[in-house]
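Observations on the model geometry
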Amino acid sequence: MNKKKLAALLCASSMIALLALVGCTGNNAPATGEAQLVKEGVLTVGSDCDYPPFILLEGDQPVGFEFDLLEAIAADLGLELEYMPPQNFDTLLTTVAGGVKMDIACSSITITEERQQTVDFCSPYFDSNQACVVQLSATYASAKELEGKTVGAQSGTTGEAWANEHLQGVTVKPYNQASEGLAALQAGEIEALFIDAPIAEHQIANNYPNMRLAEVIPTGEQYGFAINKDNSVLKSQIDASMQKLVDNGTYKEIFKKYFPNLEPSIH
């Protein structure tokens, strides 16, 4: 082989190797490097802490299914778990997207295409639907019967979006917290509250026996921890840790602690 052909072959080989290297840095490649954290060694979480049994406060201490799950994930990653003071739900995604105050948001947040324009989500960890909650004495048998009425939902939630999209002439009163909406329904200020079904079922069973489910709406939602779009390394680490908890049975143990009559959402 002459020198010109050898040089051309080496040049082509180098170009192929370079293209392969560039290709490996695309979106489908595993994230490498260090996770970005607001505080070194700490997983900082933002939540409204108002979604029993998923996340709530007992005194100043967050507890619940999502808390236990994140505690197990943080321990697996060798991180301390720290919660910010309770936040309004409709501010969580923009705060995560800002990348300077919280690492992830955790408040039974449904993964949607619209929300994915602002943030990324870790792997889903719970399947959910919407519910229409009314007073026990109300005669409503379905959400459609509430068209033209005044109903409530937590601001920024998929329950609020569903009511606005699917009910004609309805007035949707937004509330900062789900508990505020339940209190308004109990006081007769609204005809119904649209809220995630597992939360509605828990609240009715434990705190609001004077309410009932008029309808469970099969929206097929999934919850995920929201994370900054530029924090792909942390997302990969959390996803890997979640899978480890599924594989070793820890996820199922935590799930059954709070939802003994349901099958785990992920296997």
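Only a predicted model underlies this, so the values are computations on that prediction, with no experimental measurement involved.

Secondary structure assignment for the protein yields eight helices and 13 strands. Counting the 267 residues in the protein, one finds 45% classified as buried. The contacts of the protein with a sequence gap of at least 6 include a subset with a gap of at least 24, amounting to 71%.

Here the focus is unusual backbone geometry. In terms of backbone geometry, most residues other than glycine have negative phi values and most peptide bonds are trans. Omega for the bond connecting Pro-52 with Pro-53 falls within 30 degrees of zero, at 5°, which places this linkage in the cis form. Phi angles above zero are rare outside glycine, and Ser-108 is one such case at about 50°. Looking at the element boundaries, Ser-108 is found in the loop between β6 (104–105) and β7 (120–121).

The subject of this paragraph is the sheet that holds strand β8 (residues 126–135). Within the open sheet, the five strands sit side by side as β10-β9-β11-β8-β12. Their pairing is mixed. At either end of the open sheet lies a strand with only one pairing partner, and these are β10 (171–175) and β12 (211–223). Between one strand and the next, the sheet's axes are offset by a mean angle of 25°, whatever the strand orientation. Taken together, the four bridges between β8 and strand β11 (residues 193–196) define a ladder with antiparallel strand orientation. By the bridge assignment, Ala-131 is partnered in β11 with Ile-195. Across the face of the sheet, helix α6 (residues 197–206) comes into contact with β8, β11 and β12 while running at roughly 50° to β8.

What follows deals with the layout of surface pockets. Within this model, the largest pocket holds a volume of roughly 310 Å³. Lining the largest pocket are 15 residues; nearest its centre among them are Leu-93, Thr-112, Glu-114, Arg-115 and Gly-156. The set of elements that each furnish at least two residues to the lining of the largest pocket consists of α3 (92–98) and α4 (158–166). Broken down by element, the residue count for the lining of the largest pocket peaks at three residues, all from α3. Here the residues of the lining of the largest pocket sort into five nonpolar, seven polar and three charged.

Now for the pairing of β10. As defined by bridge partners, strand β9 (residues 150–154) adjoins β10 across five bridges and the pair is classed as parallel. When the bridges of β10 are listed, Gln-154 appears paired with Tyr-175. Assessed by its sense of winding, the connection that carries the chain from β9 through α4 to β10 is right-handed.

Another point: the nonpolar core. By size, the foremost hydrophobic cluster in this structure holds 60 residues, and its most contacted members are Phe-65, Leu-69, Leu-70, Tyr-125, Phe-225 and Tyr-251. Ranked by residue count, the leading element in this core is helix α2 (residues 65–77), at seven residues. With residues up to four places along the chain from it excluded, the contact list for Leu-69 reads Tyr-125, Phe-225, Met-242, Leu-245, Tyr-251 and Ile-254. Formed by 17 residues, the second largest nonpolar core is a distinct cluster that contains Cys-132, Val-134, Ala-163 and Ala-214.

Below, the discussion takes up the sheet that holds strand β4 (residues 61–63). Strand pairing within a sheet occurs via backbone hydrogen bonds; the two strands may be parallel or antiparallel. Pairing within the open sheet is antiparallel, and its three strands lie in the order β2-β3-β4. Because the sheet does not close on itself, it has two edges, and the strands there are β2 (50–51) and β4. Sheet topology places β2 next to strand β3 (residues 55–58); two bridges connect them, and they run antiparallel. Bridging from a neighbouring strand, Tyr-51 pairs with Ile-55 of β3.

What follows deals with the pattern of salt bridges. Under the counting rule described, the total for this entry stands at seven salt bridges. Across the pair Lys-257 and Asp-68 runs a salt bridge whose closest N-O atoms are separated by 2.9 Å. Of this pair, Lys-257 sits in helix α8 (residues 250–258) while Asp-68 is found in helix α2, placing the two residues 189 residues apart along the sequence. Judged by relative accessible area, which is 54%, Lys-257 ranks as exposed. What makes Asp-68 buried here is its relative accessible area of 15%.

Another point: the environment of Gly-152. For Gly-152, the position within the fold is in strand β9. Note on Gly-152: relative accessible area 0%, which makes it buried. Each C-alpha atom, one on Gly-152 and one on Thr-171, is 8.1 Å from the other, the two residues being 19 residues apart in sequence. Leaving out residues up to four positions away in the same chain, Gly-152 has contacts with Lys-173, Tyr-175, Ile-190, Ala-192, Leu-193 and Phe-194.

With the rule as written, the count across this model stands at one cavity of 30 Å³ or more. In this structure, the largest cavity spans a volume of roughly 120 Å³. Contributing to the lining of the largest cavity are 17 residues, with Tyr-51, Gln-154, Thr-157, Thr-158 and Asp-196 lying nearest its centre. Contributing elements (two or more residues each) for the lining of the largest cavity: β9, α4 and β11.

The rules behind these values
Residues numbered from 1 in each chain as written. Predicted model: local features only at pLDDT ≥ 70, side-chain atom pairs only at ≥ 80, totals over all residues. Heavy atoms only, no water. Helix = DSSP H or I, 4+ residues; strand = E, 2+ residues; numbered from the N terminus. Buried < 20%, exposed > 50% of the residue type's maximum accessible area, 1.4 Å probe, protein only. Contact = heavy atoms within 4.5 Å. Pairing = 2+ DSSP bridges. Axes fitted to C-alpha atoms, helices over the stretch in contact; angles between N-to-C directions. 1 Å grid on protein atoms, 1.4 Å probe; cavity = no way out; pocket = protein on both sides within 12 Å on 5 of 7 lines; lining within 4 Å. Points joined across faces, edges and corners; volume = space filled by probe spheres on them. Nonpolar A, V, L, I, M, F, W, Y, C, P; charged D, E, K, R; others polar. Right-handed = clockwise from strand over helix to strand, strands pointing away. Core = buried A, V, L, I, M, F, W, Y, C linked by side-chain atoms within 4.5 Å. Salt bridge = Lys/Arg side-chain N within 4 Å of Asp/Glu carboxyl O.

Nothing here speaks to function; it is all geometry.
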